[in-house]
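Coordinate inspection notes
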Amino acid sequence: DQQVKQNSPSLSVQEGRISILNCDYTNSMFDYFLWYKKYPAEGPTFLISISSIKDKNEDGRFTVFLNKSAKHLSLHIVPSQPGDSAVYFCAASHNNNDMRFGAGTRLTVKP
Amino acid sequence: SQTIHQWPATLVQPVGSPLSLECTVEGTSNPNLYWYRQAAGRGLQLLFYSVGIGQISSEVPQNLSASRPQDRQFILSSKKLLLSDSGFYLCAWSGAGEQYFGPGTRLTVT
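What counts and what doesn't
Residues numbered from 1 in each chain as written. Chains lettered and ligands numbered in written order. Predicted model: local features only at pLDDT ≥ 70, side-chain atom pairs only at ≥ 80, totals over all residues. Heavy atoms only, no water. Disulfide = S-S within 2.5 Å. Helix = DSSP H or I, 4+ residues; strand = E, 2+ residues; numbered from the N terminus. Buried < 20%, exposed > 50% of the residue type's maximum accessible area, 1.4 Å probe, protein only. Polar contact = N/O pair within 3.5 Å; in protein donor to acceptor, adjacent residues only side chain to side chain. Contact = heavy atoms within 4.5 Å. Pairing = 2+ DSSP bridges. Axes fitted to C-alpha atoms, helices over the stretch in contact; angles between N-to-C directions.

Quick look at the state of the cysteines now. Residue and element names in this part refer to chain A. Counted by the stated rule, this structure contains two disulfides over all chains. Between the sulfur of C23 and that of C90 lies a disulfide, 1.9 Å long from S to S. On the sign convention where negative is left-handed, the bridge of C23 and C90, at about -70° about the S-S bond, is left-handed. Within this pair, whereas C23 is found in strand β3 (residues 19-25), its partner C90 is found in strand β9 (residues 86-94), the two being separated by 67 residues in sequence. Residue classification places C90 among the buried residues on the basis of a relative accessible area of 0%.

Here is the structure:
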């Protein structure tokens, strides 16, 4: 069962513009949400997270927004840079032992 | 600082052959450990997780197994590989919150 969904397999953005990656979840028990970035042939690297008690978390060019009522979160990257081109995975967990990942969105930032 | 190692980096195995992938973590004790698989064009599928030595939870029934013989060692095994076992296998650890991933093993079953 897909408890975490990323419905856009790919996204293409011009350098300097905003990238918005979306993620939906179905399990209302999830209380911690994360975004990972993955380059080909490498393990994912942690990017940013947010707990369910917040609705926004910002770290430099990266901001994660959480809408609990809609069970939706998004990652905003602004301004986008070519080095941001990668696959981005959304993840959600409850009690840390059970993290579920979305299928990923491939972001391409064009120079 | 903590580091996580996986080997081998790539592996080509014939159908029906055994498999052993190893993962070790340094710089932390009693981590939660995880095995994931990323099939081509798909997301990360949790295969196994372990909260301590000898404690393994399986998420998906399949011909793979996992063992944790030591606190910071996690092994993924199979007695007979299937073509469908091909994929990118990732080991991860967590203390509390985020998971940190190893470099992965690309397995091709021929």
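So, about the side chain of R100 of chain A. Following the sequence through the fold, R100 of chain A ends up in strand β10 (residues 98-101). Within the structure, the side chain of R100 of chain A is placed 2.6 Å from the side chain of E59 of chain B, a separation counted as a polar contact. R100 of chain A has contacts with Q3, V4, F30, C90, A91 and A92 of chain A together with E59 of chain B, leaving out every residue within four places of it along the chain.

All names here are of chain B. Sheet architecture is open: four strands sit in the order β1-β3-β8-β7, paired in antiparallel fashion. Across the chains shown, the open sheet's two edge strands, defined by having one partner strand only, are β1 (3-7) and β7 (64-70). Shown here is a sheet whose adjacent strand axes are inclined to one another by a mean of 20°, direction ignored. With six bridges joining them, strand β3 (residues 19-26) and strand β8 (residues 73-78) adopt antiparallel strand pairing. If you follow S20 over to β8, its bridge partner there is S77.

Residue and element names in this part refer to chain A. Burial within β9 is extensive, with eight of its nine residues counted as buried. Sheet analysis places β9 next to strand β11 (residues 105-110), joined by three bridges and oriented antiparallel. Across the sheet, V87 pairs through a bridge with R106, a residue of β11. Pairing of β9 with β10 involves four bridges; the strand directions are antiparallel. Across the sheet, the residue bridging to A91 is F101, located in β10.

Turning next to the sheet that holds strand β6 (residues 56-59) of chain A. Residue and element names in this part refer to chain A. If you trace the five strands from one edge of the open sheet to the other, you get β1-β3-β8-β7-β6, paired in antiparallel fashion. Each having just a single partner strand, β1 (4-5) and β6 make up the two edges of the open sheet. As paired elements, strand β7 (residues 62-67) and strand β8 (residues 72-77) share six bridges and run antiparallel to each other. Bridge pairing in β8 places V64 opposite L75.

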